[in-house]
Amino acid sequence: LGSYPRGGVLTGLQNLGTHPSVPASLVSKNRKVGIYGFGTFGQFMAKKFVNAFQVYAYSRSSYAAEAGAMGVVWCSSLEELLKQRLDVLIISTS
């Protein structure tokens, strides 16, 4: 995002505008996005990407029902997630 903390304040977000979105040239249901860690932030990211990409997710705890409800493919192991030949992998762990 080009943002970084400075003096306890996150700066550099002004380039995102008021409603950031994925550029139309990058949107393709053929692109695969994986999310490793499907807690609060992972689910937030999935909701943003699921309309534009095929989204796959894995987490230590099972969120299979939550993933299915939002149209995300749940993977039962990290190995299964990585076998999906992902274009992008988002690591969302603490």
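Everything here concerns the structure above.
Nothing here was measured: the structure is a model prediction, and the numbers come from that model.

About the thresholds
- Residues numbered from 1 in each chain as written.
- Predicted model: local features only at pLDDT ≥ 70, side-chain atom pairs only at ≥ 80, totals over all residues.
- Heavy atoms only, no water.
- Helix = DSSP H or I, 4+ residues; strand = E, 2+ residues; numbered from the N terminus.
- Buried < 20%, exposed > 50% of the residue type's maximum accessible area, 1.4 Å probe, protein only.
- Contact = heavy atoms within 4.5 Å.
- Areas by Shrake-Rupley, 256 points an atom, 1.4 Å probe, with all protein chains shown as cover.
- Pairing = 2+ DSSP bridges.
- Axes fitted to C-alpha atoms, helices over the stretch in contact; angles between N-to-C directions.

*Asks:* Got a minute to help me understand the overall build of the chain in this structure?
*Replies:* When you go through the chain residue by residue, the secondary structure sums to three helices and six strands. Moving toward the C terminus, one meets the helices and strands of the chain in the order β-β-β-α-β-α-β-α-β. In the chain, buried positions account for 30% of the 94 residues. Counting only contacts in the chain whose residues sit at least 6 apart along the sequence, the fraction spanning at least 24 positions is 44%. Carbon and sulfur atoms form 54% of the exposed surface of the chain, whose accessible area is close to 6500 Å².

*Asks:* Help me understand the sheet that holds strand 4 (residues 54-58), please; the structure alone is not making it clear to me.
*Replies:* As a general point, the strands of a sheet are linked pairwise by backbone hydrogen bonds and lie either parallel or antiparallel. Within the open sheet, the four strands sit side by side as 5-4-3-6. Their pairing is parallel. Edge positions in the sheet fall to strand 5 (73-74) and strand 6 (88-91), since each of these pairs with one other strand and no more. Note: strand 3 (residues 32-36) against strand 6, four bridges, orientation parallel. The partner of Gly 34 across the bridge, within strand 6, is Leu 89. Here helix 1 (residues 40-49) sits on the sheet in contact with strand 3, strand 4 and strand 6, set at roughly 170° to strand 3.

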